Protein chains: 2
Amino acid sequence: MNRLSLNQRTLGDRSLPEAVSACTRAGVESIGVWRGPLWAFGVERGAKLVAEAGLRVSSLCRGGFFTSTDRRSTLARNRRAVDDAEALGAECLVLVVGGLPSGSRDLPAARATVSEVLAELVDYAQERSVRLALEPMHPMYCADRGVLSTLGQALDLAECFDPDAVGVVVDTFHVWWDPDLERQLARARGRIASFQVGDWITPLSADSLLARGLMGRGHIDFQLLGRLVSEAGYTGDVEVEIFNADLWRQDVDSILAAVVRSYQEHVVA
Amino acid sequence: MNRLSLNQRTLGDRSLPEAVSACTRAGVESIGVWRGPLWAFGVERGAKLVAEAGLRVSSLCRGGFFTSTDRRSTLARNRRAVDDAEALGAECLVLVVGGLPSGSRDLPAARATVSEVLAELVDYAQERSVRLALEPMHPMYCADRGVLSTLGQALDLAECFDPDAVGVVVDTFHVWWDPDLERQLARARGRIASFQVGDWITPLSADSLLARGLMGRGHIDFQLLGRLVSEAGYTGDVEVEIFNADLWRQDVDSILAAVVRSYQEHVVA
């Protein structure tokens, strides 16, 4: 239970103060913060709020979208995201690397762009002690959200840098299907910056961005994945990140209760 | 143009005679047949109809669903599918291997089951000169349709058998995102039993089974994939397989015209 973190988006579009107080009431000690609600509340105020509540910040979501054609503004945006992660003292800044640039079908080129932009961002992040965390995205998001499609591919990229500078996110929803997962998790020792959990439910929801379920509602074996992540040496927070419109309609305390129950039954058990 | 094959499902639920006559009118020389409409018309009659129209049968869709818990009925079903492929003289029998068994979260076990059932089916197919074709499915179908998620994984399995007995299907929709695709296609020399084309369109349709578009409507680089498949030595038919509700609402000749145009502009060009 003390490793459970609530990713803020599990509460839908609730404000940062609502999320923080919900964590406190539920005894959750860690939070994954999103930049939208952080900025809406104010970065400094938000950092102070989280610190005073005694919460760890398991991740800041998110930077990335490196494949945008305007390289200069991409870097500027991402440096601001690094600043925010530093202000919060977040364990890492999650990077969703972006899909194909508009009108392009050149996937190898988009992937090369990701490497280039990452290389340009690393020094800035390292100077601020912010760990960048590459998130391999489920292949169904390859075209429009993230051209990093497997953990192996994310590790290939991360391994070009110091492990404290660049790690990876292991999100069960994105990686559970991968036939090479066991081997890649073994390889990920020292590189796992964030472990996120959420279930794959069927039928796939009409909005594929909202296709996640609480652990136990779907098809993922959290015992197996949790064990492999532990065997890779990861001892950090376990962040519950569920985008689900039905869940969001509930009140915050009900959501927290459901998250805690689902975590205890399926992840810890 | 003479390598273009029409997968029958590109016409929605039209009957086999409708599909055959549409091919004939459009000058399409090859067809991918589905078992549902084949049985509705009668297997022997259907085989005769296709032969008399002078069409090649690039594939029969489909056998598979090996992960069902009733092994005996799974094998019986698949032997009938082999019989149908033999009756048609189809280039291959496409195998969609099935998802997780109902209530199971044991993905490694489901994958092991696929290997076992395949091994039990191969002799029967080989005696009838029917080539089995393992279809890696997009990972978004892993839970409910196909636990073979990558070309590499399909090749690992196929390579346990003679290349004439077990090959693979390369369907652009299913494999285009794979960072390991170029390497796996090079490895697939002599194993490609079917090459299917269809585009990945965004946003993903509400029904994920109907998420495909005509070539050129989406994000896939057909020039690149076509070249890699050719370099792997494949010289067979190129089967256009589009599941798309908007397309299906058009009349058959309009669909055929759109298929031919899309093929000429994006696959052959």
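For the structure given in this document, a descriptive report is provided here. From a predicted model like this one, the values you see are computed outputs, not experimental measurements.

### Brief notes about the interface of chain B and chain A
Right, on to step 1. Taken together, the 31 residues of chain B in the interface contact 31 residues of chain A.
Right, on to step 2. The interface formed by chain B and chain A contains 0 salt bridges.
Right, on to step 3. Counting every contact that joins chain B to chain A gives 6 residue pairs in polar contact (both at pLDDT 80 or more).
Right, on to step 4. The element best represented in the side of chain B that touches chain A is helix α5 (residues 107-127) of chain B, accounting for 3 residues.
Right, on to step 5. Of the residues that constitute the side of chain B that touches chain A, the class distribution is 15 nonpolar, 11 polar and 5 charged.

### Let's talk about the pairing of strand β2 (residues 30-34) of chain A
Residues and elements named next belong to chain A.
Right, on to step 1. Most of β2 is tucked away: 5 of the 5 residues are buried.
Right, on to step 2. Side chains S30, G32 and W34 of β2 all project onto a buried face; the interleaved residues I31 and V33 project onto the opposite face, where all are buried too.
Right, on to step 3. In this sheet, β2 lies alongside strand β1 (residues 4-7) in parallel orientation, the contact comprising 3 bridges. Bridging from a neighbouring strand, S5 pairs with S30 of β2.
Right, on to step 4. This β-α-β element, β1 to helix α1 (residues 16-26) to β2, shows right-handed connectivity.
Right, on to step 5. As paired elements, β2 and strand β3 (residues 56-64) share 5 bridges and run parallel to each other. Among the inter-strand pairings, W34 is bridged to a residue of β3, identified as C61.

### Some words on the pairing of strand β6 (residues 166-171) of chain B
Residue and element names in this part refer to chain B.
Right, on to step 1. Here β6 lies mainly inside the structure; 6 of its 6 residues are buried.
Right, on to step 2. Sheet analysis places strand β5 (residues 132-134) next to β6, joined by 3 bridges and oriented parallel. The partner of L134 across the bridge, within β6, is V168.
Right, on to step 3. Chirality of the crossover, the property in question, places the unit of β5, helix α6 (residues 151-158) and β6 among those that are right-handed.
Right, on to step 4. As paired elements, β6 and strand β7 (residues 192-197) share 4 bridges and run parallel to each other. Among the inter-strand pairings, V168 is bridged to a residue of β7, identified as I192.

### Side note on the nonpolar core
Right, on to step 1. Among the nonpolar cores identified, the biggest contains 188 residues, and L118, L134 and W176 of chain A together with L118, L134 and W176 of chain B are the most heavily contacted of them.
Right, on to step 2. Look past the residues within four positions of W176 of chain A in its chain and what remains in contact with it is L181, W200, H219, I220 and L225 of chain A together with L100, L107, C142 and A143 of chain B.

### Brief notes about the environment of I192 of chain B
Residue and element names in this part refer to chain B.
Right, on to step 1. Of note, I192 is situated in strand β7.
Right, on to step 2. Look at I192 and you get buried, because its relative accessible area is 6%.
Right, on to step 3. Not counting residues within four places of it along the chain, the set of residues in contact with I192 comprises R131, V168, V170, L185, V229, A232 and Y234.

### Digging into unusual backbone geometry
Right, on to step 1. The residue after T202 of chain A, namely P203 of chain A, is reached through a cis peptide bond having omega -5 degrees.
Right, on to step 2. With respect to the element layout, P203 of chain A can be found in the loop between β8 (199-200) and β9 (212-213).
Right, on to step 3. The peptide bond linking C61 of chain B to R62 of chain B adopts the cis configuration, its omega dihedral lying at 0 degrees.
Right, on to step 4. Take R62 of chain B: it is sitting in strand β3 (residues 56-64).
Right, on to step 5. Here F65 of chain B, not a glycine, exhibits a phi torsion of approximately 45 degrees, which is positive.
Right, on to step 6. Relative to the elements of secondary structure, F65 of chain B occurs in the loop between β3 and α4 (71-88).

### Here's the deal with the sheet that holds β3 of chain A
Residue and element names in this part refer to chain A.
Right, on to step 1. On the basis of which strands lie adjacent, the closed barrel formed by 8 strands has the order β1-β2-β3-β4-β5-β6-β7-β10 and parallel pairing. Neighbour-to-neighbour, the strand axes of the sheet open up by a mean angle of 30 degrees, direction not taken into account.
Right, on to step 2. Together, β5 (132-134) and β6 (166-171) form the strand contacts of helix α6 (residues 151-158), whose direction differs from that of β6 by roughly 170 degrees.
Right, on to step 3. Against the sheet, helix α11 (residues 252-268) contacts β1, β7 (192-197) and β10 (238-240), and its axis sits at roughly 135 degrees relative to β1.

### Brief notes about helix α1 (residues 16-26) of chain B
Residues and elements named next belong to chain B.
Right, on to step 1. Of all the positions in α1, only L16, A19, V20, A22 and C23 are classed as buried. The buried residues of α1 occupy an angular sector of 160 degrees when projected down its axis, which confines them to one face.
Right, on to step 2. In this structure, the buried side of α1 is in contact with β1 (4-7), β2 (30-34), α2 (35-41), α3 (43-52) and α11 (252-268).
Right, on to step 3. Backbone geometry just downstream of α1 places G27 in the positive-phi region, at approximately 75 degrees.

### Details of the packing of α3 of chain B against α4 of chain B
All names here are of chain B.
Right, on to step 1. Two elements in contact, α3 and α4, have axes separated by 9 Å at closest approach and are oriented at 30 degrees. α3 and α4 meet at a crossing whose hand is right-handed. The segment α3 lies against α4, with V43, G46, A47 and V50 engaging D84, A87 and L88.
Right, on to step 2. Of the residues contributing to the contact of α3 with α4, the split by class is 5 nonpolar, 1 polar and 1 charged.

### Description of the relation of the copies chain B and chain A
Right, on to step 1. In the superposition of chain B on chain A (RMSD 0.0 Å, axial shift 0.0 Å), the rotation amounts to 180 degrees. In short, the pair behaves as if placed about a two-fold rotation axis. Relative to the rotation axis, the C-alpha of A206 of chain B is the closest in chain B, positioned 2.0 Å from it.
Right, on to step 2. Both copies share a contact surface, since 100% of the interface residues of chain B are interface residues in chain A too.

### Some points on the packing of aromatic side chains
Right, on to step 1. Using the criterion set out here, one finds 9 aromatic pairs over all chains in the structure.
Right, on to step 2. Relative to W177 of chain B, the ring of W177 of chain A lies with its centre 5.5 Å away and its plane at 85 degrees, an arrangement referred to as edge-to-face. Here W177 of chain A, found in the loop between α7 (172-175) and α8 (181-187), pairs with W177 of chain B, found in the loop between α7 (172-175) and α8 (181-187), and the two come from separate chains.
Right, on to step 3. Take W177 of chain A: its relative accessible area is 0%, and that puts it in the buried class.
Right, on to step 4. Ring geometry for W176 of chain B against W200 of chain B: centres 6.3 Å apart, planes inclined by 40 degrees, an arrangement best described as tilted. Remark: W200 of chain B occurs in strand β8 (residues 199-200) and W176 of chain B occurs in the loop between α7 and α8; sequence separation between them is 24 residues. By the burial criterion, W176 of chain B is buried, and W200 of chain B matches it.
Right, on to step 5. An aromatic cluster of at least three residues, connected via ring pairs, comprises F173, W176 and W200 of chain A.
Right, on to step 6. One cation-aromatic arrangement involves R9 of chain B over F243 of chain B; the distance from NZ or CZ to the ring centre is 5.9 Å.

The rules behind these values
Residues numbered from 1 in each chain as written. Chains lettered and ligands numbered in written order. Predicted model: local features only at pLDDT ≥ 70, side-chain atom pairs only at ≥ 80, totals over all residues. Heavy atoms only, no water. Contact = heavy atoms within 4.5 Å. Salt bridge = Lys/Arg side-chain N within 4 Å of Asp/Glu carboxyl O. Polar contact = N/O pair within 3.5 Å; in protein donor to acceptor, adjacent residues only side chain to side chain. Helix = DSSP H or I, 4+ residues; strand = E, 2+ residues; numbered from the N terminus. Nonpolar A, V, L, I, M, F, W, Y, C, P; charged D, E, K, R; others polar. Buried < 20%, exposed > 50% of the residue type's maximum accessible area, 1.4 Å probe, protein only. Pairing = 2+ DSSP bridges. Right-handed = clockwise from strand over helix to strand, strands pointing away. Core = buried A, V, L, I, M, F, W, Y, C linked by side-chain atoms within 4.5 Å. Axes fitted to C-alpha atoms, helices over the stretch in contact; angles between N-to-C directions. Arc of directions from axis to C-beta. Left-handed = near helix turned anticlockwise from the far one by under 90°. Least-squares fit on C-alpha atoms with pLDDT ≥ 70 in both. Phe/Tyr/Trp six-rings, centres within 6.5 Å; stacked < 30°, edge-to-face > 60°. Lys NZ or Arg CZ within 6 Å of the ring centre and 35° of its normal.

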